[in-house]
Amino acid sequence: MNIDKIVKLIRYISGIPKSIYVNFRLLPFSQAIKLPIIISRKTKLRSLSGRAHLTKVKTGIVRIGFGGTDMLDYRYNRTILKITGDIYFGGKTKIGVGAKIMVSGTLTLGNNFDITGDATIICAERVSIGNNTMIAWQSIIMDTDQHTIYDEHNNCINKNKKIIIGNDVWIGARSFILKGSFIPDGCIVGASTTITKTFIDKNSVIAGNPNKILKTNIKWNH
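Residues numbered from 1 in each chain as written. Predicted model: local features only at pLDDT ≥ 70, side-chain atom pairs only at ≥ 80, totals over all residues. Heavy atoms only, no water.

1. Section: the packing of aromatic side chains
Thinking step 1. Per the counting criterion, the structure on display carries 3 aromatic pairs.
Thinking step 2. Arranged with centres 4.4 Å apart and planes meeting at 50°, the rings of Tyr12 and Phe66 form a pair that is tilted. With Tyr12 in helix α1 (residues 3-14) and Phe66 in the loop between β4 (62-64) and β5 (80-83), this pair connects stretches of sequence that are 54 residues apart.
Thinking step 3. On the accessibility criterion, Tyr12 (21% relative accessible area) is partly exposed.
Thinking step 4. Using a relative accessible area of 11% as the deciding quantity, one classes Phe66 as buried. (Phe/Tyr/Trp six-rings, centres within 6.5 Å; stacked < 30°, edge-to-face > 60°. Helix = DSSP H or I, 4+ residues; strand = E, 2+ residues; numbered from the N terminus. Buried < 20%, exposed > 50% of the residue type's maximum accessible area, 1.4 Å probe, protein only.)

As structure tokens, this is what we get:
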């Protein structure tokens, strides 16, 4: 066994006490006993008053706070987890070092979901992400403005809006996917792109600010 595998094994083992707590806090006993969620010991647990829901129950099928991008140092970057709503895991899930997951609404993650280091998901209403989708580093997905804005009649003018991201989508680094966004299956979102609207063309490259479709009928390797 090489040194990298030894280090990885040590990190998994050191996270067992926190993993036990998270599983029994978020899952029913019959699922929690199998430890399907493995948490890094460096993950900061803000609140776990919500619930997790699993399509598949298998030890370590959901891994939080491990891996990600080489530019992040495991010693100094903390993953943050706050679940006060509902989070649905559709299968194998990887949430990297330094990622922030804040859920007070309903967050759905498909099978083979991968969010690399230092990326953020804030779900106050509804965020749904399909299978085989990857979120690159320092990207932000949020269906809320975080602060309510009122007009002169005291009516809220910036309500939360759901975000839907399809299957086989790649979100490039430092992108913003904001409330009301819809990204179809097979799309690539270019780095540093801000999306706030609905796109309908599958298998497209979306980039630029303001964003537009640069190319259609594309495929990418996971």
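2. Structural notes on the environment of Lys100
Thinking step 1. As for its position among the elements, Lys100 is in strand β8 (residues 100-103).
Thinking step 2. In sequence terms Lys100 and Thr79 are 21 residues apart; their C-alpha atoms lie 5.8 Å from each other.
Thinking step 3. A polar contact is formed between the side chain of Lys100 and the backbone oxygen of Gly98, at a distance of 2.9 Å.
Thinking step 4. Here Asp118 takes part through its side chain, which lies 2.8 Å from a polar atom of the side chain of Lys100. (Polar contact = N/O pair within 3.5 Å; in protein donor to acceptor, adjacent residues only side chain to side chain.)

3. Here we look at the sheet that holds strand β15 (residues 163-165)
Thinking step 1. With parallel pairing, the 6 strands of this open sheet are ordered in space as β3-β6-β9-β12-β15-β18. Sheet topology places β3 (51-54) and β18 (182-183) at the edges, where each strand pairs with a single neighbour.
Thinking step 2. Pairing of strand β9 (residues 106-109) with strand β12 (residues 126-129) involves 4 bridges; the strand directions are parallel. Across the sheet, the residue bridging to Thr106 is Arg126, located in β12. (Pairing = 2+ DSSP bridges.)

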